Amino acid sequence: MTDATLAAPPEETPLHVVVPASTLRTVVDVLGALVEECRMRFDADGVHVAAMDPATVASVSLDLSPAAFESYDVEERTLGVPLERLDDVLSMASGDDPVQLALDPETRRLTVAVAGLDYTMALVDPEAIRSPPDLAEMEFEYTAAVTLESTALSRSVRAADMVSSHATVGVDADDEAFVVSASGDTDDVRHRLAGDDLLDIDAGEAESLFSVDYLTALERPIPSGSEVTLELGMEIPMALSFEIAAGAGQVEYALSPRIAR
Amino acid sequence: MTDATLAAPPEETPLHVVVPASTLRTVVDVLGALVEECRMRFDADGVHVAAMDPATVASVSLDLSPAAFESYDVEERTLGVPLERLDDVLSMASGDDPVQLALDPETRRLTVAVAGLDYTMALVDPEAIRSPPDLAEMEFEYTAAVTLESTALSRSVRAADMVSSHATVGVDADDEAFVVSASGDTDDVRHRLAGDDLLDIDAGEAESLFSVDYLTALERPIPSGSEVTLELGMEIPMALSFEIAAGAGQVEYALSPRIAR
Amino acid sequence: MTDATLAAPPEETPLHVVVPASTLRTVVDVLGALVEECRMRFDADGVHVAAMDPATVASVSLDLSPAAFESYDVEERTLGVPLERLDDVLSMASGDDPVQLALDPETRRLTVAVAGLDYTMALVDPEAIRSPPDLAEMEFEYTAAVTLESTALSRSVRAADMVSSHATVGVDADDEAFVVSASGDTDDVRHRLAGDDLLDIDAGEAESLFSVDYLTALERPIPSGSEVTLELGMEIPMALSFEIAAGAGQVEYALSPRIAR
């Protein structure tokens, strides 16, 4: 594949950025785990997204600093972005192809240019996208925090999925262990990580029951090789955070617990 | 896999050829894009096939010279070949395994031998296969020609497929660019190739509308790494040609335009 | 993936063994070709399984010596093992991860521990699993034996599958050849292996008709690179045997012939 030059952006555009395809793909995957479209706010500090899934069980907060971009020239603005169509366009890019996003101020459409391809995308009215509650206002009393590799978390969730649609996620304070367990009709499973299997642990008693489907949806888009931090408490939501774009971006998921059966 | 010797052909056969599996597989894929069975003419100059898809939207002309064969010993003859079954047999071959085709004059069946396997295939009556119109009689006034890598053409077609079932394929004479564009309900896409992204261009104004499904069907069997030449005009069929068998074979597709909407 | 230590087994257990995941996976695949659950006998000589498929067309006999285990500490005992759930657990293991099996004498459940994961599996009452007939009592008059690579056998079966649901498997004594052939409505196929394509042959006339579906089910779990020995006769069952666990285990399938059509 020859490396095509990007088309010139519209002459007067309030938004013109260039970002590696792999970074934008991670952003789309992370948000797409919960919503089909989202409000994406561009300002001098970068891109900010807060969204909540339609069942209001999980929310996501994503920040991407201008350092994640090859070029970043924006006036403050909020776009309503259809994630699946952006994903389609990104499927045409390979690896770190630069992707140029430019807003056409007249048509209010977003031009996505990558490797010789110009895709003109109709945006969604941001007002028509439901606002999530302000996450900063929700303060939970976390009693434990664990940092582990994304592959280890993925294994925990797959293990629980073998026997049940619900998993207990918690910390055993005495053993300084992170424990995911699930009980099915006949079989039980327990995945226990301690010592060198964890990158870090701030151990206190913590245990809550979560939907395995949601856990799967949240861990799937985490880039492999990531370090993931879980904040946990007793019967409260978990916070699941990790870096993207080599540290130039930050994601935090919050997942509500299920009522214990 | 041990390299099995090929079975001896029938003693008196009007047709006995040996060809690398990869070459025969390409032939089957190229023809299979449009038809399920075809008339395959063998003579001293090689193998010749002309076929048209049942909807009479696209046709194919394929020639394979004796140089493409490891052994070529034929009396002039036309066979009616069921392509899907030949494809099944080829799925048993790996890479460049030699494939032997021999016609049994008594049973009128074709013996396909590859790597220890003998497959005896009932042929189709060639008279029962519809003849395509004589392509040589159809002369179109092409105003432009473009040569590009098969992967670049494939990207153009995939791009159009994201938004519509129809794509405009043409040449921008001023910019000496090959342009594929498509318009969907809300989104547009445009793939533009010029300069080093093309292998050759003979630029004149050209633009016609084509079915994306047919474009996909025709570009899919083109061996990767091929150079493809498109001949284009104003609202006329396109000719799409490429070499197979390292130059010992030639394929030309013709695709009728759709009436502009 | 960090290499997690295995959990300590129950203090007093009548059965505590550790086996490489790859070995246990082969055992589950070999048995799973015919049955969903099986009686697995553990004694001082190792593990022994005899099972027959519900249609009583094929049977399997499997022996795995203590040498196949990293640790083997058992009192004589027969377990009823649900193969599909064991397969699920093994999907969490990679390569040669050690898998620990321990029987909890109180709950009568089997704890499967692998890489930080503890899976507690309800067993099946062995009395509820149908006993196969005693294979040792069935003596057939085999007239030929052939040893070949598993990939060659796999090709033979795939070839037959192209044209029919039944295949004739036999030996041509004059040519010292192993021959699999099948006839469909219009096409025939014949796969013939002799000389260097076989590892060994004890040639006598042999020919029987078998179900292609069963042949496919039996050859699929054979570890690639295995040497497979077939014992064949005239219109009698075939025996198909191969080693597992680098020679520390032995499998023998028996497959009944179909009545010739």
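Parameters at a glance
Residues numbered from 1 in each chain as written. Chains lettered and ligands numbered in written order. Predicted model: local features only at pLDDT ≥ 70, side-chain atom pairs only at ≥ 80, totals over all residues. Heavy atoms only, no water. UniProt positions renumbered as here; feature names shortened; annotations may be inferred. Contact = heavy atoms within 4.5 Å. Buried area = accessible area lost by both parts, 1.4 Å probe. Salt bridge = Lys/Arg side-chain N within 4 Å of Asp/Glu carboxyl O. Polar contact = N/O pair within 3.5 Å; in protein donor to acceptor, adjacent residues only side chain to side chain. Helix = DSSP H or I, 4+ residues; strand = E, 2+ residues; numbered from the N terminus. Pairing = 2+ DSSP bridges. Phe/Tyr/Trp six-rings, centres within 6.5 Å; stacked < 30°, edge-to-face > 60°. Buried < 20%, exposed > 50% of the residue type's maximum accessible area, 1.4 Å probe, protein only. Nonpolar A, V, L, I, M, F, W, Y, C, P; charged D, E, K, R; others polar. Least-squares fit on C-alpha atoms with pLDDT ≥ 70 in both. Domains from an automatic or database assignment.

Looking at an unreviewed UniProt entry, one finds chain A named DNA polymerase sliding clamp, with Halomarina oriensis as its source organism. Looking at the Sequence similarities (unreviewed entry) heading of the UniProt record, one finds this comment for chain A: "Belongs to the PCNA family."

To continue, consider the interface of chain B and chain A. Contacts between chain B and chain A engage 15 residues on the former and 18 residues on the latter. Counting the surface lost from both chain B and chain A, the interface buries some 1500 Å², and carbon and sulfur atoms represent 47% of this. When the area that chain B buries against chain A is broken down by residue, the three leading residues are Arg155, Met162 and Asp187 of chain B, summing to 40%. Between the two partners, chain B and chain A, sit two salt bridges. In this structure, aspartate 188 of chain B engages arginine 109 of chain A in a salt bridge whose closest nitrogen and oxygen atoms are separated by 2.8 Å. Our enumeration of links across chain B and chain A arrives at twelve residue pairs in polar contact (both at pLDDT 80 or more). Elements supplying a minimum of two residues to the side of chain B that touches chain A: helix H3 (150-161) and strand S13 (188-194) of chain B. Per-element accounting of the side of chain B that touches chain A gives the leading share, five residues, to S13 of chain B. Bridge count between strand S9 (residues 117-122) of chain A and S13 of chain B: four bridges; the pairing is antiparallel. Of the residues in S13 of chain B, the one forming a bridge with leucine 117 of chain A is histidine 191 of chain B.

This paragraph deals with the packing of aromatic side chains. Scanning all chains against the criterion turns up nine aromatic pairs over all chains. With a centroid separation of 6.4 Å and an interplanar angle of 55°, the aromatic rings of phenylalanine 140 of chain B and tyrosine 142 of chain B are classed as tilted. Judged by relative accessible area, which is 31%, phenylalanine 140 of chain B ranks as partly exposed. A residue is classified by how much of its surface remains accessible, and tyrosine 142 of chain B, at 28% relative accessible area, is partly exposed. Ring plane angle 45° and centroid distance 6.1 Å describe the contact between phenylalanine 242 of chain C and tyrosine 253 of chain C, whose orientation is recorded as tilted. Of this pair, phenylalanine 242 of chain C sits in strand S17 (residues 238-244) while tyrosine 253 of chain C is found in strand S18 (residues 249-255), placing the two residues eleven residues apart along the sequence.

Located in the positive-phi region is alanine 245 of chain B, a residue other than glycine, with phi close to 55°. Its place among the elements puts alanine 245 of chain B in the loop between strand S17 (238-244) and strand S18 (249-255). According to the relative accessible area criterion, alanine 245 of chain B is partly exposed, its value standing at 25%. Phi at glutamate 176 of chain C is positive, roughly 50°, even though this residue is not glycine. Of note, glutamate 176 of chain C is situated in the loop between strand S11 (166-172) and strand S12 (177-183). Classification of glutamate 176 of chain C as partly exposed rests on a relative accessible area of 43%.

Interfaces are frequently sized by the accessible area removed from exposure as the parts join. At the interface, 18 residues of chain C touch 15 residues of chain A. Buried surface at the junction of chain C and chain A, summed over both partners, amounts to about 1500 Å²; 47% is from carbon and sulfur atoms. The interface formed by chain C and chain A holds two salt bridges in total. Aspartate 187 of chain A is the salt-bridge partner of arginine 85 of chain C, the closest N and O atoms lying 2.5 Å from each other. Secondary-structure elements contributing two or more residues to the side of chain C that touches chain A are helix H2 (83-90), strand S8 (109-114) and strand S9 (117-122) of chain C. Of the residues contributing to the side of chain C that touches chain A, the split by class is ten nonpolar, four polar and four charged.

Attention now goes to the relation of the copies chain B and chain A. With an RMSD of 0.0 Å, chain B superimposes on chain A once it is rotated by 120° and translated 0.0 Å along the axis. The two molecules are tied by a three-fold rotation axis, judged by turn and shift.

According to UniProt, the positions carrying the feature "domain: Proliferating cell nuclear antigen PCNA N-terminal" (unreviewed entry) are residues 20-108 of chain A. Annotated as residues 20-108 of chain A, this span is 22% helix and 44% strand, and its ends, taken at the C-alpha atoms, are 23 Å apart.

All names here are of chain A. Each domain of chain A was delimited in the assignment, giving domain 1 (15-128) and domain 2 (139-255). Between the C-alpha centres of domain 1 and domain 2 the distance comes to 28 Å. Of the residues lining the interface, 20 residues belong to domain 1; the matching set on domain 2 comes to 16 residues. Summed over both sides, the interface between domain 1 and domain 2 buries roughly 1300 Å², with carbon and sulfur atoms accounting for 65% of that surface. Joining domain 1 to domain 2, the criterion identifies zero salt bridges. Our count for the contact surface shared by domain 1 and domain 2 stands at six residue pairs in polar contact (both at pLDDT 80 or more). Put simply, the parts of the chain that give the side of domain 1 that touches domain 2 at least two residues each are helix H1 (21-32) and strand S4 (58-64).

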